[in-house]
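# Structure at a glance
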Amino acid sequence: MKALCWYGKRDLRVMDVPEPEILGPRDAIVQVSLSAVCGSDLHLYNGHVPAMERGDILGHEFVGTVVDVGARVEGFRPGDRVAVPFTISCGRCFFCERELWSLCDNSNPNAYAAEALYGYSPAGIYGYSHLFGGYAGGQAEYVRVPFADSGLIKLPESVSDEKAVLLCDVFPTGYMAAENCSIQEGDTVAVWGAGPVGLLAMKSASLLGAERVIAIDRFPERLSLASRFADAMTLNYEDVDVDEALRDITGGMGPDACIDAVGMEAHGKGHGRVYDAVKQKLRAETDRPTALRQAILACRKGGTVSIAGAYAGYIDKVPVGAAFNKGITIKGGQTHVQKYMPRLLGLIEDGKSDPSDVITHSFGLEEGPIAYEVFKHKEDGCVKVVLRP
Ligand SMILES: [Zn+2]
Ligand SMILES: [Zn+2]
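Conventions we followed
Residues numbered from 1 in each chain as written. Chains lettered and ligands numbered in written order. Predicted model: local features only at pLDDT ≥ 70, side-chain atom pairs only at ≥ 80, totals over all residues. Heavy atoms only, no water. Helix = DSSP H or I, 4+ residues; strand = E, 2+ residues; numbered from the N terminus. Rg over C-alpha atoms; globule rule 2.2 N^0.38 Å. Buried < 20%, exposed > 50% of the residue type's maximum accessible area, 1.4 Å probe, protein only. Contact = heavy atoms within 4.5 Å. Areas by Shrake-Rupley, 256 points an atom, 1.4 Å probe, with all protein chains shown as cover. Lys, Arg positive; Asp, Glu negative; His and termini not counted. Charge placed at Lys NZ, Arg CZ, Asp CG, Glu CD. Axes fitted to C-alpha atoms, helices over the stretch in contact; angles between N-to-C directions. Parallel < 35°, antiparallel > 145°, perpendicular 65-115°, else oblique. Nonpolar A, V, L, I, M, F, W, Y, C, P; charged D, E, K, R; others polar. Donors = N, O, S within 2.8 Å, 3.2 Å for Na, K, Ca; no water. Tetrahedral: all angles 85-135°; square planar, octahedral: opposite > 155°, others 65-115°. Pairing = 2+ DSSP bridges. Disulfide = S-S within 2.5 Å.

With that settled, consider the overall build of the chain. From N to C terminus, the chain includes 14 helices and 18 strands. On C-alpha atoms alone, the chain measures out to a radius of gyration of 20 Å, which is about the 21 Å that the 2.2 N^0.38 rule sets for 389 residues. Principal axes of the C-alpha set define a box for the chain whose edges measure 60 × 50 × 45 Å. Counting only residues that meet the buried cut, the chain has 58% of its 389 residues in that class. Taking all contacts inside the chain whose residues are at least 6 apart in sequence as the whole, residues at least 24 apart take part in 71%. As displayed, the chain offers around 16000 Å² of accessible surface, 50% of which is attributable to carbon and sulfur atoms. Computed over 39 positive and 51 negative side-chain charges, the separation of the two mean positions in the chain equals 4 Å.

Running from N to C, helix α6 (residues 170-179) and helix α13 (residues 337-349) point in directions that differ by 105 degrees, and their axes come no closer than 9 Å. With respect to each other, α6 and α13 are oriented roughly perpendicular. On α13, the residues that touch F171, P172, Y175, M176 and E179 of α6 are V337, K339, Y340, R343, L344 and I348. For the contact of α6 with α13, a count of residues per class yields eight nonpolar, no polar and three charged.

For the zinc ion (ligand 2), the full set of protein donor atoms is C90 (SG), C93 (SG), C96 (SG) and C104 (SG), at a range of 2.3 to 2.4 Å. Coordination geometry of the zinc ion (ligand 2): the four donor atoms subtend angles of 102 to 116 degrees at the metal centre, consistent with an arrangement described as tetrahedral. Donor residues binding the zinc ion (ligand 2) come from one chain and are separated in sequence as C-x2-C-x2-C-x7-C. Using a relative accessible area of 3% as the deciding quantity, one classes C96 as buried. For C104, a relative accessible area of 1% puts it in the buried group.

With that out of the way, let us pick up the sheet that holds strand β2 (residues 12-16). If you trace the three strands from one edge of the open sheet to the other, you get β2-β1-β4, paired in antiparallel fashion. On the outer flanks of this sheet lie β2 and β4 (56-57), each paired with one strand and no other. Judged from the five bridges that link them, strand β1 (residues 2-6) and β2 form a sheet pairing that is antiparallel. Note on β2: the bridge partner recorded for A3 is M15.

On to the coordination of the zinc ion (ligand 1). Think of it this way: four donors in a tetrahedron around the metal ideally sit 109.5 degrees apart, and six in an octahedron ideally sit 90 or 180 degrees apart. Around the zinc ion (ligand 1), the protein supplies C38 (SG), H60 (NE2), E61 (OE) and D169 (OD) as donor atoms, at distances of 1.8 to 2.2 Å. Metal-centred angles of 95 to 119 degrees between the four donor atoms at the zinc ion (ligand 1) mark the site as tetrahedral. Each donor residue of the zinc ion (ligand 1) belongs to the same chain, with the gaps between them written as C-x21-H-E-x107-D. Highlighted residues: C38 in the loop between β3 (28-37) and α1 (39-45) and D169 in the loop between α5 (161-164) and α6, separated in sequence by 131 residues. Its relative accessible area of 5% is what places D169 among the buried residues.

Here A51 shows up in the loop between α1 and β4. A relative accessible area of 36% means that A51 is categorised as partly exposed. Each C-alpha atom of the pair A51 and K317 lies 26 Å from the other, and the pair is 266 residues apart in sequence.

Let's shift gears to the state of the cysteines. Tallied over the full model, the rule gives zero disulfides. C299 provides the cysteine sulfur closest to C258, a residue in no disulfide bond, and the two sulfurs are 4.3 Å apart. Classification of C258 as buried rests on a relative accessible area of 0%. The thiol of C382 is not disulfide-bonded; the next cysteine sulfur, from C38, is found 12 Å away. Look at C382 and you get buried, because its relative accessible area is 1%.

Written as structure tokens, this is what we have:
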């Protein structure tokens with residue numbers, strides 16, 4: 001089969017590789033009909049996530065049809081149309097039973113590596129390095145899905161692949177980021193990053209009762225999408241002092257909640273940007289936390305900072321004194337996708353939300369390497385890319 005494989009920093013190749021097989025009785029094999037490229041895939045592409053190996057198949061957002069199941073799969077049969085959560089979860093451990101699906105204790109065969117870095121290992125993730133299990137990803141024609149009964153959701157005919165593929169990660173991730181803000185009626189929520197997760201966090205914040213949503217980015221076309229898609233006020237941080245602008249908008253209080261939907265490759269400007277770039281080059285810091293710093297400083301006293309953008313390692317100069325003295329709650333984490341999928345599928349089916357509005361570009365799987373370049377450089381107003389095998 002054809003698969004999009006990682007061969008090094010900015011070196012992706014479409015390769016002929018063996019088709020996956022059922023390895024355990026709870027596995028299923030899914031024939032992929034559509035996959036998506038995620039902002040977090042760019043961290044792999046740009047060489048920021050350790051433990052990638054040449055030939056690894058990328059992709060953790062994909063939908064398709066079940067073509068084979070193991071002997072102990074109960075809820076799915078060949079022919080079922082499905083979406084696949086990006087985190088792999090056994091459905092039976094302490095964490096899965098508490099709906100903390102992304103923290104599953106049984107799905108990362110390389111847990112020892114993650115434990116060395118994080119103390120305890122999170123769940124395995126498709127196509128997201130050997131630190132997260134070394135699972136083959138979904139930017140391919142077929143994928144093996146372990147723990148199929150807790151790793152698949154059936155799709156009704158009425159929901160297109162384009163809508164469904166956003167249920168695998170970015171819609172639940174945006175939704176969880178907003179839910180983590182404990183939004184009260186009348187709240188103002190500021191969101192750093194108007195990429196797919198940021199846009200869906202804005203939309204979700206409104207669904208959860210925020211009165212005002214503010215989008216912060218530097219790309220005019222993303223900001224205008226934020227205003228159209230999520231009815232957000234917009235701030236271009238290249239034109240305004242974000243902290244001052246947020247103060248003005250909120251009568252000097254600061255936003256009730258701030259969402260960092262940027263993560264470890266924040267761009268930023270001025271001295272902070274240079275500082276992080278140098279430290280990262282010297283390997284004295286793995287991640288660039290510009291958006292997180294701003295979010296903590298801008299947040300109102302007693303407010304919440306919710307982290308949706310991915311971080312992998314260590315960051316520097318995080319204003320923990322500000323967070324402590326302002327009594328800020330900080331929440332984040334990989335998304336508990338299985339918890340949110342049914343609810344969000346319901347919103348799509350009822351026509352209350354169409355997340356596919358964030359998809360701007362579609363390529364064939366063969367054009368994967370080009371798709372990553374277009375997405376990386378945000379060429380041609382690119383916000384979200386899908387790949388069709
Ligand atoms: Zn993703
Ligand atoms: Zn589990």
